[in-house]
Amino acid sequence: MSELNTSGGPETGSPTAKTKRGFNANDPKTLPLLLIIPSQILLMGMMVFPFLLELWISLTNWQPTFGSLGDAEFSGLFNYKELIIYEPRFLQALGRTILFAVICLSLEFMLGLGLAILFLKAIPARKLLFSLLLSPMMIMPVVVGYTWFMLFQTNGPINQIIGWITFQGGQPQIEWFRHDVTAFTSIVIAEVWHWTPLFFLVLLSGLNAVPQNPIRAAIMLGAGPVRIFWSVVLPTLLPVIIVAFVIRTMEILKIFDEIFLMTRGGPGTATEMVSQYLYKLAFQDFRLAYAAAAAFIVLILTVIGVNLMLRPITKQLLKEG
């Protein structure tokens, strides 16, 4: 006969014992989970509560002058309807932001790609130039805005350099911030200067990771440099390029500091982006319900745009899975 279990408890291998040991704070697999759960709950609360509060405000007619938020009247989608149909300034700011994003992203991509291809070769002072090219990305947006505001002054260095290039007798008196086109051009130049290094860094990393065997095979088949780039290198870089565009798109939609310091959205509303419009709507006009509705419209459009941009990567991952 087998020996009896004299301990009075269940046997070691029995299901009851395994159930009792299923949740053990001293278990190496359970302890990390217990340590993470409180912070995750706190982070989710910090994200979900403002989101739900803003959603509720966007569905009411509340303003700070109306009293308590609890006394606000529910208005449904009235704010959204007013913004889309009767608020052309919002749609103009949204369209202006999209135009600004398209111009800046195109210039940043082309400049970043050109610099990345250049740095694949052994050039003099490569390490020093690499550090200098990355330095604008490290500067705070407030500093960038103020610096370019001073550079674009009527008697500033930009006009002086233009005078040297055009061989004019005196310094041209271009008032950059007084005209729509020049003001818009100034903020494009500042943004491209600030964030081209990000595209350069991402694309250079992607180019260094391109496998060499397909390139050697293309060379053996007689393909030229342009054909190799379009048929071999660019498809390999596509996921990296898409990720860089997604990151920069989300950042451009939030641009505020540079424009606020350089043009304050002017002249008129020529350089007013969505972020400036929301700031004025909420903190100058105190129309918080309208601002919340406008913010949700921007959020929905951003999510749709990002999902469309990420679709090639998503399809590739699902296909591989």
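Let me begin by describing the structure that accompanies this report. All values reported here derive from a predicted model rather than from experimental measurement. (Residues numbered from 1 in each chain as written. Predicted model: local features only at pLDDT ≥ 70, side-chain atom pairs only at ≥ 80, totals over all residues. Heavy atoms only, no water.)

1. Examining the nonpolar core
A general tendency of soluble globular proteins is for nonpolar side chains to be buried together. Short version of the rule: To define a nonpolar core, start from buried Ala, Val, Leu, Ile, Met, Phe, Trp, Tyr and Cys residues and group those joined through side-chain atoms within 4.5 Å. Each residue is placed in one exposure class: buried if its accessible area under a 1.4 Å probe, protein chains only, is under 20% of its type's maximum, exposed if it is over 50%, and partly exposed if it falls in between. Going along the chain from the N terminus, every DSSP run of H or I of four or more residues is numbered as a helix, and every run of E of two or more is numbered as a strand. Contacts are residue-level and defined by heavy atoms, with any inter-residue pair within 4.5 Å sufficient.
Among the nonpolar cores identified, the biggest contains 45 residues, and F100 and V233 are the most heavily contacted of them. Secondary structure elements with two or more residues in this core: α4 (88-119), α6 (141-151), α8 (180-208), α9 (212-220), α10 (225-253) and α11 (257-262). For this core, the element with the highest residue contribution is α8, accounting for 12 residues. Once you skip the residues sitting within four places of it in the chain, F100 turns out to touch F184, I187, V188, E191, I252, I255 and M273.

2. Topic: the layout of surface pockets
Short version of the rule: With a 1 Å grid spanning the protein atoms alone, the term cavity applies to any set of points in which a 1.4 Å probe fits but cannot get out, the term pocket to an open set with protein on both sides within 12 Å along at least five of seven lines, and the term lining residue to any residue with an atom within 4 Å of a point. Grid points are joined across faces, edges and corners, and a volume is the space filled by probe spheres set on the points. Note on residue classes: Ala, Val, Leu, Ile, Met, Phe, Trp, Tyr, Cys and Pro are nonpolar, Asp, Glu, Lys and Arg are charged, and everything else, Gly too, is polar.
In this structure, the largest pocket encloses a volume near 370 Å³. The wall of the largest pocket is formed by 13 residues, among which L120, L207, I215, I228 and V233 lie closest to the centre. Broken down by secondary-structure element, the contributors of at least two residues to the lining of the largest pocket are α8, α9 and α10. Partitioning the lining of the largest pocket into residue classes produces 10 nonpolar, 2 polar and 1 charged. When its volume is computed, the second largest pocket comes out at roughly 320 Å³. Forming the walls of the second largest pocket are 15 residues, and the residues nearest its centre are K254, A295, V298, L299 and T302. Looking at the lining of the second largest pocket, the elements that each hand over two or more residues are α2 (30-58), α10, α12 (274-283) and α13 (288-320). Here the lining of the second largest pocket takes 7 residues from α13, the largest share from any one element. Residue composition of the lining of the second largest pocket, by class: 11 nonpolar, 2 polar and 2 charged.

3. Considering the pattern of salt bridges
Put simply, the rule reads: Salt bridges, as used here, are contacts in which a Lys or Arg side-chain nitrogen is within 4 Å of a carboxyl oxygen on Asp or Glu.
Evaluated as defined, the whole model comprises 6 salt bridges. Residue R248 is joined to E191 by a salt bridge in which the shortest nitrogen-to-oxygen separation is 2.5 Å. Taken as a pair, R248 in helix α10 and E191 in helix α8 lie far apart in primary sequence, 57 residues in all. Taking the relative accessible area as the measure of exposure, R248 reaches 1% and is therefore buried. Through salt bridges with shared partners, a single ionic network connects R89, E272 and K280.

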